[in-house]
Amino acid sequence: PEDLWGMKLGFAVYNIRNNGTYSTHRAELEEMGFDFDAQSTGHGWENVKRALLAYKSFHGDLLVRQGFVIPENADWPEDLWGMKLGFAVYNIRNNGTYSTHRAELEEM
């Protein structure tokens, strides 16, 4: 519709997923098929989970510093090289990212 031209839809989607915007409309968004788990990181939950488990195996904990980026070396899966894991963890802790996977996160 013409009245929506210029709307910053990506910004709205980001805020819905990460900041709880329109949380009172969650049921309606779910009914429309809105994916609350899709992430701007582009890595997706399964890759973030693999990265967290690898980090824990190397460091013995999940105290990932905010600036940590998965290094490009043979110790890490090549498809995860360059992932900003620290940023992902920051968003998990502070913005509710991947909140639907909370039980899995707590088990780690």
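## With respect to the confidence of the model for the protein
Okay, step 1: Counting all residues, the mean pLDDT for the protein is 88, and 94% of those residues have values of 70 or more.
Okay, step 2: Averaged pLDDT values for the elements of the protein fall to 82 in helix α1 (residues 9-19) and rise to 94 in helix α3 (residues 44-59).

## Here's the deal with unusual backbone geometry
Okay, step 1: In this structure, Tyr 22 takes a positive phi of about 60° despite not being glycine.
Okay, step 2: Position of Tyr 22 among the secondary structure elements: in the loop between α1 and α2 (26-31).
Okay, step 3: Here Tyr 22 falls in the partly exposed class, since its relative accessible area comes to 47%.
Okay, step 4: Residues other than glycine seldom take positive phi values, yet Tyr 98 does so here, at roughly 60°.
Okay, step 5: Its location among the elements puts Tyr 98 in the loop between α4 (85-95) and α5 (102-107).
Okay, step 6: On the accessibility criterion, Tyr 98 (2% relative accessible area) is buried.

## Points about the nonpolar core
Nonpolar side chains tend to gather and get buried jointly when the protein is soluble and globular.
Okay, step 1: Counting 17 residues, the largest nonpolar core has Leu 52, Val 64, Phe 68, Ile 70, Met 83 and Leu 85 as its most contacted members.
Okay, step 2: Those elements that place two or more of their residues in this core are α3 and α4.
Okay, step 3: When residues in this core are grouped by element, the largest group, six residues, is from α3.
Okay, step 4: Other than its neighbours up to four places away in sequence, Ile 70 contacts Ala 51, Trp 76, Leu 80, Trp 81, Gly 82, Met 83 and Leu 85.

## Some words on α4
Okay, step 1: Within the span of α4, buried status applies to Leu 85, Gly 86, Ala 88, Val 89, Asn 91 and Ile 92.
Okay, step 2: Considering only its buried residues, α4 is in contact with α3 and α5.
Okay, step 3: Just past α4, the residue Gly 96 takes up positive phi, approximately 75°.

## What about the environment of Thr 24?
Okay, step 1: In this fold, Thr 24 is placed in the loop between α1 and α2.
Okay, step 2: When its relative accessible area of 73% is taken as the criterion, Thr 24 is described as exposed.

## So, a nonpolar patch on the surface
Okay, step 1: Judged by side-chain polarity, Leu 4, Met 7 and Leu 9 come together as a nonpolar surface patch covering roughly 300 Å² of accessible area.
Okay, step 2: Mapping Leu 9 onto the fold places it in helix α1.

## Side note on the pattern of salt bridges
Okay, step 1: All chains considered together, the criterion is met by four salt bridges.
Okay, step 2: The partner of Glu 30 in a salt bridge is Arg 26, with the nearest N and O atoms 2.9 Å apart. Taken together, the residues Glu 30 and Arg 26, both in helix α2 and four residues apart, mark about one turn of the helix.
Okay, step 3: Among the ionic pairs, Glu 106 bridges to Arg 102, the shortest N-O distance being 2.8 Å. Highlighted residues: Glu 106 and Arg 102, both in helix α5, separated by four residues, approximately one helical turn. Each of the two residues, Glu 106 as well as Arg 102, counts as exposed.

Conventions we followed
Residues numbered from 1 in each chain as written. Predicted model: local features only at pLDDT ≥ 70, side-chain atom pairs only at ≥ 80, totals over all residues. Heavy atoms only, no water. pLDDT = per-residue confidence, 0-100. Helix = DSSP H or I, 4+ residues; strand = E, 2+ residues; numbered from the N terminus. Buried < 20%, exposed > 50% of the residue type's maximum accessible area, 1.4 Å probe, protein only. Core = buried A, V, L, I, M, F, W, Y, C linked by side-chain atoms within 4.5 Å. Contact = heavy atoms within 4.5 Å. Patch = residues over 30% accessible without salt bridge, like charges linked within 9 Å, V, L, I, M, F, W, Y side chains within 5 Å. Areas by Shrake-Rupley, 256 points an atom, 1.4 Å probe, with all protein chains shown as cover. Salt bridge = Lys/Arg side-chain N within 4 Å of Asp/Glu carboxyl O.

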